[in-house]
Amino acid sequence: MITVLTGGTGGAKFVDGLRQVVAQEELTIIVNTGDDLLWWGLYVSPDVDSITYVLAGLLSKERGWGVKGDTFQCLQAMGQLGQPIWFHTGDRDLAVHLVRSQLLAHGMTLSQATAEIASKLGVAARILPMSDSRVETRVMTPTAGELSFEEYFVQRWFQDPVESVRFAGAADAEPAPGAVEAIQQAKLVLIAPSNPVTSIGPILAIPGVRKALLESKARVAAVSPIIAGAAVSGPAGILMSAQGLPVSIAGVARAYADFLDVLIVDNRDARNAEELRKSGLRVHCTHTVMRSSLDKMTLAKAVLDCVSAQDSSARSATE
Ligand code: GDP
């Protein structure tokens, strides 16, 4: 079994690659829910949706979120009715938010509702929201005060300087049922090339998750979302700086230092990788920019090959 920790955009691309090289039944995906929001009275879980859609073959690859070929008539109608429309929900996407909200209202937990929707959409992998409790990523800015992640990222286009980030509710939250076991019992744990602060950070902030990663016998490998000193997309660089992390592969390594066995970085970071290896961390260089389906599959395969090569060299060293 392979367990993956992930956010939405970069994580969905990586999971798209994994599903091409591993049977979905082999995969457990633990997903960030710090970005979840109530939108038009509905419970929306953007990263869970992206991962569900990608595994169902429904994700819009052009946008990187939402359902491919979706229409936006409800959004338009809501605008005419004077409702906020900064968070773009397509019509088919909306159906998922309606169903999830209904399932939650009938007493299901978020993990039960997630499993129900995934199964209806034909997903065979196990998708686990990081927690069934509400944990909210809050971004403190000097310009607009404290914002939810989606207000900061989608409504305000991550233009505000950032003072700090916190995960409200994390200290009292529990990992979703099965999440700790999925880390403990995996043969491999992968950290997707997701934002280390606001996608992987909230998962690690749930009590018990870091400990499970530390104690797991599985190798833990991460793919860096930072290439040559910058994020491929989005505010990871700004947020890493705000958290006192260098915006580099060394910063990613530092965010995961206590449990990371292998860091996979882009070929463009070959020289920085050499430097980072001096700290004792295994660092593997490959092509990590995922534009095409082939890029995604090649990266997933390279990650699995690199980890299994290290496993066999570790085995022969002990023989
Ligand atoms: P979010 O919840 O939508 O922010 O999703 P993620 O955290 O999963 O994705 C955002 C991160 O993915 C950013 O930090 C990007 O730098 C990273 N990312 C996006 N595309 C790629 C890619 O093709 N390769 C790598 N290595 N990282 C990527």
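For the structure given in this document, a descriptive report is provided here. (Residues numbered from 1 in each chain as written. Predicted model: local features only at pLDDT ≥ 70, side-chain atom pairs only at ≥ 80, totals over all residues. Heavy atoms only, no water.)

Looking now at the overall build of the protein chain. In terms of regular secondary structure, the protein chain is built from 13 helices and 14 strands. Its C-alpha atoms give the protein chain a radius of gyration of 19 Å, within 12% of the compact-globule value 20 Å for 319 residues. Seen along its three principal axes, the alpha-carbon backbone of the protein chain occupies a region of about 70 × 45 × 40 Å. For the protein chain, long-range pairs separated by at least 24 residues make up 67% of all intrachain contacts whose partners lie at least 6 apart in sequence. Of the roughly 13800 Å² that the protein chain leaves accessible, carbon and sulfur atoms contribute 53%. The positive charge centre, built from 28 side chains, and the negative charge centre, built from 33, are 5 Å apart in the protein chain. (Helix = DSSP H or I, 4+ residues; strand = E, 2+ residues; numbered from the N terminus. Rg over C-alpha atoms; globule rule 2.2 N^0.38 Å. Contact = heavy atoms within 4.5 Å. Areas by Shrake-Rupley, 256 points an atom, 1.4 Å probe, with all protein chains shown as cover. Lys, Arg positive; Asp, Glu negative; His and termini not counted. Charge placed at Lys NZ, Arg CZ, Asp CG, Glu CD.)

The next thing to look at is the pattern of salt bridges. Using the criterion set out here, one finds 15 salt bridges in the structure. Glu 116 serves as the salt-bridge partner of Lys 120, at 3.0 Å between the closest nitrogen and oxygen. Here the residue Lys 120 and the residue Glu 116 both occupy positions in helix H5 (residues 110-120), the gap between them amounting to four residues, near one helical turn. For Lys 120, a relative accessible area of 65% corresponds to the exposed category. Put simply, Glu 274 and Arg 277 hold a salt bridge, and the shortest N to O gap is 3.1 Å. Taken as a pair, Glu 274 and Arg 277 lie in helix H12 (residues 270-277) at a separation of three residues, close to a single helical turn. Look at Glu 274 and you get partly exposed, because its relative accessible area is 47%. Taking the relative accessible area as the measure of exposure, Arg 277 reaches 31% and is therefore partly exposed. (Salt bridge = Lys/Arg side-chain N within 4 Å of Asp/Glu carboxyl O. Buried < 20%, exposed > 50% of the residue type's maximum accessible area, 1.4 Å probe, protein only.)

This part takes up the environment of Ala 179. Mapped onto the secondary structure, Ala 179 falls in helix H7 (residues 179-184). Judged by relative accessible area, Ala 179 falls into the buried class, the value being 3%. Taking C-alpha positions, Ala 179 is 9.9 Å from Val 31, a pair spaced 148 residues apart along the chain. Among residues more than four places away in sequence, those in contact with Ala 179 are Ile 30 and Leu 128.

In the vicinity of the ligand lie 22 residues, with Thr 9, Ser 194, Asn 195, Ser 199 and Thr 288 positioned nearest. One nitrogen or oxygen atom from the main chain of Thr 288 is found 2.7 Å from a nitrogen atom belonging to the ligand. Interatomic distance of 2.8 Å between a backbone N/O atom of Met 290 and an oxygen atom of the ligand. Burial of the ligand by the protein chains amounts to 96% of its free accessible area of 590 Å². The element best represented in the shell around the ligand is helix H1 (residues 9-21), accounting for four residues. The class makeup of the residues in the shell around the ligand is eight nonpolar, eleven polar and three charged. (Near = heavy atom within 4 Å. Polar contact = N/O pair within 3.5 Å; in protein donor to acceptor, adjacent residues only side chain to side chain. Nonpolar A, V, L, I, M, F, W, Y, C, P; charged D, E, K, R; others polar.)

Scanning all chains against the criterion turns up eight aromatic pairs. Members of the aromatic cluster, connected to one another through ring pairs, are Trp 39, Trp 40, Trp 86 and Phe 87. The ring of Trp 65 carries the charged tip of Arg 63 above its face, separated from the ring centre by 4.7 Å. (Phe/Tyr/Trp six-rings, centres within 6.5 Å; stacked < 30°, edge-to-face > 60°. Lys NZ or Arg CZ within 6 Å of the ring centre and 35° of its normal.)

Contact pair helix H4 (residues 91-105) / H5: the axes reach a minimum separation of 9 Å and the direction vectors enclose 135 degrees. The orientation of H4 with respect to H5, classified from their angle, is oblique. In the crossing of H4 with H5, the sense of the turn from one axis to the other is right-handed. Contacts from Val 96, Val 99, Arg 100, Leu 103 and Leu 104 of H4 reach H5 at Leu 110, Ala 113, Glu 116 and Ile 117. Partitioned by chemical class, the residues of the contact of H4 with H5 number seven nonpolar, no polar and two charged. (Axes fitted to C-alpha atoms, helices over the stretch in contact; angles between N-to-C directions. Parallel < 35°, antiparallel > 145°, perpendicular 65-115°, else oblique. Left-handed = near helix turned anticlockwise from the far one by under 90°.)

Turning to the sheet that holds strand E5 (residues 126-129), a few remarks are in order. One open sheet holds the seven strands; their spatial order is E5-E2-E1-E9-E10-E13-E14, and the pairing between them is parallel. Looking at the sheet topology across the chains shown, the edges are occupied by E5 and strand E14 (282-286). Adjacent strand axes in the sheet meet at a mean angle of 20 degrees, parallel and antiparallel pairs treated alike. Alignment of strand E9 (residues 188-191) against strand E10 (residues 219-223), held across four bridges, turns out to be parallel. Following the sheet pairing, Ile 191 is matched in E10 by Ala 222. This element, H12, spans strand E13 (262-266) and E14 of the sheet and lies at about 170 degrees to E14. (Pairing = 2+ DSSP bridges.)

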